[in-house]
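# Observations on chain architecture
One letter stands for each residue in the lines below.
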Amino acid sequence: MTEPLLEIWTDGACKNNPGPGGWGVLMRYGTRTKEMSGGANPTTNNQMELTAVIEAFKAIRRPCPVRLHLDSSYVKNGITQWIHSWKKKGWKTADKSPVKNVELWQELDRLVSGYEAPIEWCWVKGHAGDPGNERADALANEGVDKILKRAP
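Since the model is a prediction, treat every value here as computed from it, not as a measurement.

Moving on: the overall build of the protein. When you go through the protein residue by residue, the secondary structure sums to four helices and five strands. Secondary structure elements of the protein occur, N-terminal to C-terminal, as β-β-β-α-β-α-α-β-α. Its C-alpha radius of gyration of 15 Å places the protein within 12% of the 15 Å reference for a compact globule of 152 residues. Taken over the C-alpha atoms alone, the protein extends approximately 50 × 40 × 30 Å along its principal axes.

This paragraph deals with the sheet that holds strand 5 (residues 119-123). With mixed pairing, the five strands of this open sheet are ordered in space as 3-2-1-4-5. The strands lining the two open edges of the sheet, one partner per strand, are strand 3 (32-43) and strand 5. Each strand axis lies, on average, 15 degrees off the axis of its neighbour in the sheet, ignoring direction. In terms of strand pairing, strand 1 (residues 6-14) meets strand 4 (residues 66-70) through five bridges, oriented parallel. Residue pairing for strand 4: Leu6 is matched across the bridge by Val66. Packing of helix 1 (residues 45-59) onto the sheet brings it into contact with strand 1, strand 2 (19-29), strand 3, strand 4 and strand 5, and relative to strand 1 it is tilted by some 150 degrees.

Contact geometry for helix 2 (residues 73-88) and helix 3 (residues 102-113): axes closest at 11 Å, N-to-C directions at 90 degrees. In this view, helix 2 runs roughly perpendicular relative to helix 3, as classed from their interaxial angle. In this structure, helix 2 contributes Tyr74, Val75, Gly78, Ile79, Ile83, Trp86 and Lys87 to the contact, and helix 3 contributes Trp105, Leu108, Asp109, Val112 and Ser113.

What counts, and where the lines are drawn
Residues numbered from 1 in each chain as written. Predicted model: local features only at pLDDT ≥ 70, side-chain atom pairs only at ≥ 80, totals over all residues. Heavy atoms only, no water. Helix = DSSP H or I, 4+ residues; strand = E, 2+ residues; numbered from the N terminus. Rg over C-alpha atoms; globule rule 2.2 N^0.38 Å. Pairing = 2+ DSSP bridges. Axes fitted to C-alpha atoms, helices over the stretch in contact; angles between N-to-C directions. Contact = heavy atoms within 4.5 Å. Parallel < 35°, antiparallel > 145°, perpendicular 65-115°, else oblique.

Take a look at the structure:
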């Protein structure tokens, strides 16, 4: 019997970029659903997009096939294409400058490099009616709200 696919939608949000930001994750495995959100201040949209994917992988209890939907070309291209060159060049870009958000990229790399099941990275257009992406976006905005409520 084939194991169910873990479907994940992630999103990040940031007000004023940089500024208060949030991340959101929607996970579906068979009939089970898990939602998560959080945030930081100050942060950037790209940092929150990366954090959403990192938090999703941290929440997986045991490896199973994953289809990850994200509206961030930055994260999708970074993890599927650019990261190989960055690592070879000592975490430097093609123009020899340091990779931005390197700590987050290194953490994501550690999580997915050791992952023992297939991962399918699916880019989706944001704010275009994909129900999973819309929910992840709402969760990311909830993360921003949590941060703003904590602000003095």
